[in-house]
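Below are the chains, spelled out letter by letter.
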Amino acid sequence: MTNPALDRALTDSGLRPLPPAATELLQSLQAPPRLAAHLRAVHDVAWLLTDRLGRARPELDFDTTAVLFGAATHDIGKVIHGEELAVPGNRHEAAGRDLLISYGVPWHLARFAGTHGSWDAEEERTLEDLLVSLADKVWKGARVPSLEDQVAGHLGGPPWESFMFLDDVIQELAGAADSRLAFQSAFPVR
């Protein structure tokens, strides 16, 4: 059974397409169209963010493919906890990680569904985890200083220089937040 709204959410607009495995999973789960649109928006920001970091800091060691897959699936647990599409909640995080694992996604990729909302947890997060969390904030123009400080701390060099570079990147990416918000809002929650 096809869902035209889901198909549009996965293909419309100038946003980059999701990785094929993520698209197939969303289609097989009959994900809500709004969720698919959100994942595309966050994935697009993650793509731009990793591209800018990779070009400006080629010595920086991070797994771009993992970040992009993590951004494309970070909220997949909202297929189970659909109420969290409309109201805040975090039950989707562990549920999403477990759902991905049940579909054969390796832990190192499934983990982002569980870590994207907890960058301030006691256990240290990898740069990849932090970049997925950052993309999930910046897509809508949100700024989270504690998260940005952690990302800047991974960039190396003088702290003020790393922060200024990251601040410039975030400001640029946040500038397109209105169009991403409009894209997501164009799709039904269910």
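Residues numbered from 1 in each chain as written. Predicted model: local features only at pLDDT ≥ 70, side-chain atom pairs only at ≥ 80, totals over all residues. Heavy atoms only, no water.

A. Examining the packing of aromatic side chains more closely. Enumeration over the complete set of coordinates arrives at one aromatic pair. Stacked on the ring of W47, the Lys or Arg R16 has its end atom at 3.8 Å from the ring centre. The ring of F165 has R57 sitting right over it, with the charged end atom 5.0 Å from the ring centre. (Phe/Tyr/Trp six-rings, centres within 6.5 Å; stacked < 30°, edge-to-face > 60°. Lys NZ or Arg CZ within 6 Å of the ring centre and 35° of its normal.)

B. Broad picture of the nonpolar core. Grouped together as the largest cluster of nonpolar side chains are 59 residues, with contacts concentrated most on L26, L53, I76, L131, L134 and V151. Broken down by element, the residue count for this core peaks at 10 residues, all from helix 3 (residues 33–56). In this view, I76 contacts L25, L26, L29, G96, L99, L100 and A113; residues no more than four positions away in its chain are not counted. (Core = buried A, V, L, I, M, F, W, Y, C linked by side-chain atoms within 4.5 Å. Buried < 20%, exposed > 50% of the residue type's maximum accessible area, 1.4 Å probe, protein only. Helix = DSSP H or I, 4+ residues; strand = E, 2+ residues; numbered from the N terminus. Contact = heavy atoms within 4.5 Å.)

C. Just helix 6 (residues 107–115), in detail. Along helix 6, seven of the nine residues are buried, which leaves the element largely enclosed by surrounding structure. Those residues of helix 6 lying buried are L109, A110, R111, F112, A113, G114 and T115. For helix 6, the elements touching its buried residues are helix 4 (64–73), helix 5 (91–102) and helix 7 (127–138).

D. Highlighting the pattern of salt bridges. According to the stated counting rule, one finds 10 salt bridges in the structure shown. A salt bridge links R16 to D44; its shortest N-O distance comes to 2.7 Å. Taken together, the residues span a long stretch of sequence, with R16 in the loop between helix 1 (4–11) and helix 2 (20–28) and D44 in helix 3 at a distance of 28 residues. Accessibility expressed as a relative area gives 5% for D44, which makes it buried. (Salt bridge = Lys/Arg side-chain N within 4 Å of Asp/Glu carboxyl O.)

E. Spotlight on the environment of T65. Looking at the element boundaries, T65 is found in helix 4. Between the alpha carbons of T65 and E128 there is a distance of 9.6 Å; along the sequence they are 63 residues apart.

F. Fine view of the environment of L166. Inspection of the secondary structure assignment puts L166 in helix 9 (residues 159–174). The exposure class assigned to L166 is buried, which follows from its relative accessible area of 1%. Taking the C-alpha atoms as reference points, L166 and L53, 113 residues apart in sequence, are found 8.6 Å from one another.

G. The arrangement of helix 2 in detail. Within helix 2, the full set of buried residues consists of A22, T23, L25 and L26. The buried residues of helix 2 occupy an angular sector of 165° when the element is viewed end-on, so they sit on one face. Residues of helix 2 that are exposed and point over 90 degrees away from its buried face: P20 and E24. Packed against the buried residues of helix 2 are helix 1, helix 3, helix 4 and helix 5. Phi turns positive, to about 50°, at Q30, one or two residues after helix 2. (Arc of directions from axis to C-beta.)

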